[in-house]
Amino acid sequence: KPGSLQPHWYELYVQPCVAELLGSALFIFIGCLSVVEDAEGVGRLQPALAHGLALGLTIAILGDI
């Protein structure tokens, strides 16, 4: 069709891979940091909340890619 724009190769191939890499790195980094300091009485709540917030942040930032 004339007038329809095709997405650039960067948007098709590179941008999703970079978003996946950054999202996974953020998720793993925050998850590992959440268990470094073992606060007494927290138990499994701290890692669970950290992973949940990291996942929510990743989806909010990179979800449209």
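Conventions we followed
Residues numbered from 1 in each chain as written. Predicted model: local features only at pLDDT ≥ 70, side-chain atom pairs only at ≥ 80, totals over all residues. Heavy atoms only, no water. UniProt positions renumbered as here; feature names shortened; annotations may be inferred. Helix = DSSP H or I, 4+ residues; strand = E, 2+ residues; numbered from the N terminus. Buried < 20%, exposed > 50% of the residue type's maximum accessible area, 1.4 Å probe, protein only. Areas by Shrake-Rupley, 256 points an atom, 1.4 Å probe, with all protein chains shown as cover. Expected span 1.5 Å × (residues − 1). Arc of directions from axis to C-beta.

An unreviewed UniProt entry annotates the chain as AQP8 protein originating from Aramus guarauna. As its UniProt record puts it under Subcellular location (unreviewed entry), the chain is described as follows: "Membrane".

Peer 1: Please clarify how the overall build of the chain should be interpreted in this entry.
Peer 2: Looking only at helices and strands, the chain features two helices and zero strands. Here the chain, with 65 residues, has 12% of them falling under the buried criterion. Roughly 5,500 Å² of accessible area belongs to the chain as shown, and the carbon and sulfur atoms make up 68% of that amount.

Peer 1: How should helix H2 (residues 45-62) be read in this particular structure?
Peer 2: Three or four residues apart is the spacing at which side chains of an α-helix point the same way, because the helix has 3.6 residues per turn. Here H2 contains 18 residues, and its C-alpha end-to-end distance of 25 Å stays within 8% of the 26 Å for a straight helix at 1.5 Å per residue. Where H2 is concerned, the buried positions are Pro47, Ala50, Ala54 and Thr58. Taken down its axis, H2 places every buried residue within 65° of arc, on the same side. In H2, the exposed residues that point more than 90 degrees away from the buried face are Leu45, Leu53, Ile59 and Ala60.

Peer 1: For this particular structure, what's the right way to read the environment of Ser24?
Peer 2: Following the sequence through the fold, Ser24 ends up in helix H1 (residues 9-34). Take Ser24: its relative accessible area is 30%, and that puts it in the partly exposed class. For the pair Ser24 and Leu55, spaced 31 residues apart in sequence, the C-alpha separation works out to 9.2 Å.

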